[in-house]
Amino acid sequence: MAAFDWGALWPPIRLSLQVSLLASVLVLLIGAAVARWMSRRKFRGKSLVDTVLMLPLVLPPTVVGFLLLVVFGRRSGVGWLIERLFAAPLVFSWWAAVVAAVVVAFPLVYQTMKTAFASVEPDLENAARSMGATELQVFRHITLPLTARSLLSAYMLGFARGLGEFGATLMIAGNIPGKTQTIPTAIYVAVDAGHTAMAWAWTGAIIVISFAMMLLVNRRWHE
């Protein structure tokens, strides 16, 4: 059995937390905005758009990763533009892991928030508007308080999905130790190499992080 490497233990944990925290905030903002718009609009082809938005939920993560690689790769127009703007390619960077986490978590956040917004009675919002409230005031004082618990649930789902993401991350960000290696990819490599102690350590870390997140959310939920 290989010796336990304390130096190699922490980078995947730090990177996973960094990616998950940033991705969960981004996907919550994007998912909530799209869900709000979709819940209040009726147009031809709405079911088609809704299906497209939910596709990452049912597609294999490797397929999602391949599509992201095509869209953001160095040979694509988007990838070329990103490289010109930031002087570095997106693929095989930790930002690529963030993009992968956002995309795979989006359907969970979107569906949660769409259901929450749909449950808010339009009459309540219209009453506030009739009294002179702006759209921002309506959202802040009417919609947001009524959907706060769903917002918390959506954030938790986004964080958890991002934390556990493996396939899409491996495709677009790779598995570069100290740069793009997250806990799930580190566990995979450790098991493949026979480093059982390291695999157990990373497994324990992700269990502790997930447990702490669930405990925090449950406490907030019951307040």
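Owing to the predicted nature of the structure, the values given are computational and were not obtained by experimental measurement.

Asks: So what's going on with unusual backbone geometry? Residues and values would help.
Replies: At A87, a residue that is not glycine, the phi angle is positive and equals roughly 60°. Residue placement: A87 occurs in the loop between helix 4 (77-86) and helix 5 (94-119). Owing to a relative accessible area of 71%, A87 belongs among the exposed residues under this scheme. Notably, F92 is not glycine yet its phi reads approximately 60°, a positive angle. Note on placement: F92 falls in the loop between helix 4 and helix 5.

Asks: How would you explain the nonpolar core if you had to name every residue and give the values?
Replies: In this structure, I13, L68, F72, M113, I172, I183 and W202 are the most contacted members of the largest nonpolar core, which totals 52 residues. Mapped onto this core, the elements with two or more residues apiece are helix 1 (6-39), helix 3 (61-72), helix 5, helix 8 (148-163), helix 9 (167-172), helix 10 (183-193) and helix 11 (196-221). Broken down by element, the residue count for this core peaks at 15 residues, all from helix 5. The contacts of I183, once residues within four sequence positions are left out, are P12, I13, S16, W202, I206 and I209.

Asks: Break down helix 2 (residues 46-58) for me, citing the residues and quoting the values.
Replies: If you check helix 2, its first and last C-alpha atoms are 19 Å apart, about what 13 residues at 1.5 Å a residue would give, namely 18 Å. Bending of helix 2 peaks at approximately 30° at the position of V52, with proline P56 no more than four residues after it. Here helix 2 has its buried residues at D50, M54 and P56. Against helix 1, helix 3 and helix 5 lie the buried residues of helix 2.

So, how was this worked out
Residues numbered from 1 in each chain as written. Predicted model: local features only at pLDDT ≥ 70, side-chain atom pairs only at ≥ 80, totals over all residues. Heavy atoms only, no water. Helix = DSSP H or I, 4+ residues; strand = E, 2+ residues; numbered from the N terminus. Buried < 20%, exposed > 50% of the residue type's maximum accessible area, 1.4 Å probe, protein only. Core = buried A, V, L, I, M, F, W, Y, C linked by side-chain atoms within 4.5 Å. Contact = heavy atoms within 4.5 Å. Expected span 1.5 Å × (residues − 1). Bend = angle between axes of the 7 residues up to and from the residue.

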